[in-house]
There are 2 protein chains.
Amino acid sequence: MSVTAPQGFRAAGVSAGLKQNGGRDVALVVNEGPSRAAAGVFTRNRVKAAPVLWSEQVLKGGRLRAVVLNSAGANACTGPDGFADTHATAERVAALLADSPGEVAVCSTGLIGTRLDMDRLLPGVEAAAAELSRGDGGLAAADAIRTTDTVAKIAFRQGDGYMLGGMAKGAGMLAPSLATMLCVVTTDADLPAEALDRALRAATGATLERLDADGCMSTNDTVLLMASGATGVTPDEAAFTELLADLCADLTRQLLVDAEGASKAIAIEVVGAASEADAVTVGRTVARNNLLKCAIHGEDPNWGRVLSAVGTTDAVFEPDELNVAINGIWVCRNGSFGDDRDKVDLRPRDVTITVDLAAGPHSATVWTTDLTADYVHENSAYSS
Amino acid sequence: MSVTAPQGFRAAGVSAGLKQNGGRDVALVVNEGPSRAAAGVFTRNRVKAAPVLWSEQVLKGGRLRAVVLNSAGANACTGPDGFADTHATAERVAALLADSPGEVAVCSTGLIGTRLDMDRLLPGVEAAAAELSRGDGGLAAADAIRTTDTVAKIAFRQGDGYMLGGMAKGAGMLAPSLATMLCVVTTDADLPAEALDRALRAATGATLERLDADGCMSTNDTVLLMASGATGVTPDEAAFTELLADLCADLTRQLLVDAEGASKAIAIEVVGAASEADAVTVGRTVARNNLLKCAIHGEDPNWGRVLSAVGTTDAVFEPDELNVAINGIWVCRNGSFGDDRDKVDLRPRDVTITVDLAAGPHSATVWTTDLTADYVHENSAYSS
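Residues numbered from 1 in each chain as written. Chains lettered and ligands numbered in written order. Predicted model: local features only at pLDDT ≥ 70, side-chain atom pairs only at ≥ 80, totals over all residues. Heavy atoms only, no water.

**Student:** Sorry, what's going on with the relation of the copies chain B and chain A here?
**Tutor:** Between the two copies of the chain lies a relationship made up of a rotation around an axis and a movement along it. If you rotate chain B by 180° and push it 0.0 Å along the axis, it lands on chain A with an RMSD of 0.0 Å. Both copies of the chain, as the preceding transformation shows, are related through a two-fold rotation axis. Proximity to the rotation axis, assessed at the C-alpha, singles out Ala373 of chain B in chain B; its C-alpha lies 2.2 Å from the axis. (Least-squares fit on C-alpha atoms with pLDDT ≥ 70 in both.)

What follows is the structure, encoded as structure tokens:
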């Protein structure tokens, strides 16, 4: 179902021959209306891929007829020619739909620094347009955007008279990311672009934005929200935002457990922070600590590495008031050793590290993975 | 020779039984004067080990009679009792030398969060004091401070009528560090503490401070400079600083090539920066990019990962003006692909990545290592 779960959307995923293994590599999602309201959030990397530069401009209009996505090539760091390739791709989609390229977003993912093979991509776009459907199209599209993803990521939610559907790829986040994170969410609710934008920023801010697999920020990250308004239902914005956040959390979890080489899904839960920003900063810093990520991989409750990471931040805390629990055991109390670390059971895949800053009422959770030899192997041979 | 190369120093390294393998684990370096002028730089981590808290206070006096160092225990996150252990260690050294504990620095390295076994450490300090010598003592001390170091790191330099000697351990830097970096440098030149402080900050700022193995900042990093004045020679401060920087660069190189699990020694050379601070920021950010570190391990000249790292900084640059060379081949020009990446030979251990920001005349080099399965293995099992 994925992006075609809501009414008013058709999708397709085809093989254009970009992927060496012959797998699907071009996806198309088309909004049949009556509304075309849309919103997007993009990587904060200053080195932006051509499709990001293009789609950011498109989204300023607050309307999307379609989004075309390809795997097997990021079209980043490809200069003016690469931008022309993105433009030509949007033009081809627009021609096929007899519509304006100014309402066609483009997403790409794959290796940075090589041109896309347009002689394969454009026929692929045509094939995708010919296969658009509500039935199998959503799943085929979710399959086509996979790179190192071992499974397609899809989710849908039923609201009060409307639906949300989504697909995602990658194992990272908007910024930063492990590999490019692309996500398209559709709805048949009827909401203006401004409301969609608010809802999308709120929903992703606490979910996809807080997935930090390896601290590396992609040049291509994009999350799009498209509304067809096909149900004619205009939901309460708060309820819509909550449902959207729930769907984004679902996709975040799917990305987390499929992250490259990961054997643990780690939640860094920061509590007692003086502000939410402090909590996020501490969570992200702990999530990026390679030594800690190795320790969790080795099922070693090495809380000293948590404290040494917290100590590098400018968050409000006193070193001798910090508390740390690993899977519920408070192994560090008041900045020193606490309960017996041998009580910590790190065998389950899910690991929760709780950091209590003892400085206020705010909290936040950041999700990450362990650092494994498989991660090293997978990323040592990506482009060769 | 190491720290006993200059006149006026004696040293020792003994086994106190802290290391499970029976290796040396306590070192003592004593300044016999006539001067006791000294300077120190310490970790910027806010979670500081007890010996750092102690030694920072001691160095405020600008004088050091001795420094006692132990491996096999960081004495970090050990609370007031841990601080008392450090204090007692300094007191024991002072008693053995019939001197003041206020001029005895303490350094520790090893696992965070466990108390030191004082019943072994204090007799070890006594044994070290009994073995102090100019002959073998310097090398024994350098051996005693090793943790995961596979070799002892020592260096000395001959100045104009005076000498510098040094020992170091770890594979990181002052802040951040892979494991704790401890370094003691001695000289028989006669310089006041203020001059030593200026020289030490200048020398380490461009050497040990720019070694960034894995972005992790230790709770214990310490670099000490002790002057005996035994030659009576007061060197030109600029010449002294240059010689000290040369010695620190030598030790930096030794730490780099012995970093945990590393198979490549990578220099990130940032040129064309608007400021030295920009150059360091970009160098450090590139050095910490796990995806790039994996690529170099796989001998893959994946320059896109360099650009995506540069793009996360706030340094002055335009994305379409960035140039990147890997081992001398300009694989990225003007933010897009440049010379043929197949020309890059990544088989040598030494790798140089040059990033040209095309924004000014400033430059800086940061050194790092590749990310390997060996690193993961070594750090998955550190405390267990």
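There's more to say after this.
**Student:** When you look at the pairing of strand E3 (residues 38-42) of chain B in this model, what are you seeing that I'm missing?
**Tutor:** Taken residue by residue, a regular strand's side chains alternate between the two faces of the sheet. When you tally the buried positions in E3 of chain B, you get five out of five residues, the bulk of the element. Taking every second residue as pointing to the same face, both faces of E3 of chain B are buried, with Ala38, Gly40 and Phe42 of chain B on one and Ala39 and Val41 of chain B on the other. (Buried < 20%, exposed > 50% of the residue type's maximum accessible area, 1.4 Å probe, protein only. Helix = DSSP H or I, 4+ residues; strand = E, 2+ residues; numbered from the N terminus.)

**Student:** Would you mind going over the interface of chain B and chain A with me for this structure?
**Tutor:** Note on interface size: it is often stated as the accessible area lost on association of the parts. Listed per partner, the contact involves 52 residues of chain B and 52 residues of chain A. Interface area for chain B against chain A, summed over the two sides, is near 4000 Å², with a carbon-plus-sulfur share of 58%. Here chain B is connected to chain A by zero salt bridges. Where chain B meets chain A, there are 17 residue pairs in polar contact (both at pLDDT 80 or more). For the side of chain B that touches chain A, the secondary structure elements donating two or more residues are helix H8 (290-297), helix H9 (303-310), strand E13 (336-337) and helix H10 (373-380) of chain B. It is H10 of chain B that contributes the most residues to the side of chain B that touches chain A, six residues altogether. Split into classes, the residues belonging to the side of chain B that touches chain A amount to 22 nonpolar, 23 polar and seven charged. (Contact = heavy atoms within 4.5 Å. Buried area = accessible area lost by both parts, 1.4 Å probe. Salt bridge = Lys/Arg side-chain N within 4 Å of Asp/Glu carboxyl O. Polar contact = N/O pair within 3.5 Å; in protein donor to acceptor, adjacent residues only side chain to side chain. Nonpolar A, V, L, I, M, F, W, Y, C, P; charged D, E, K, R; others polar.)

**Student:** Looking at this model, I keep getting lost on the confidence of the model for chain A. Mind explaining?
**Tutor:** Low pLDDT means the predicted atomic positions in that stretch should not be read closely. On average, chain A scores 93 in pLDDT, and the residues at 70 or more come to 97%. Below a pLDDT of 50 lies the segment residues 173-178 of chain A, which in the model reaches 44 contacts outside its immediate sequence neighbourhood of four places, other chains included. (pLDDT = per-residue confidence, 0-100.)

**Student:** Where do I start with the packing of aromatic side chains in this structure?
**Tutor:** Describing an aromatic ring pair means giving the distance of the ring centres and the angle of the ring planes. With the rule as written, the count across this model stands at four aromatic pairs over all chains. Its end group placed over the ring of Phe317 of chain B, Arg46 of chain A keeps NZ or CZ at 3.8 Å from the ring centre. (Phe/Tyr/Trp six-rings, centres within 6.5 Å; stacked < 30°, edge-to-face > 60°. Lys NZ or Arg CZ within 6 Å of the ring centre and 35° of its normal.)

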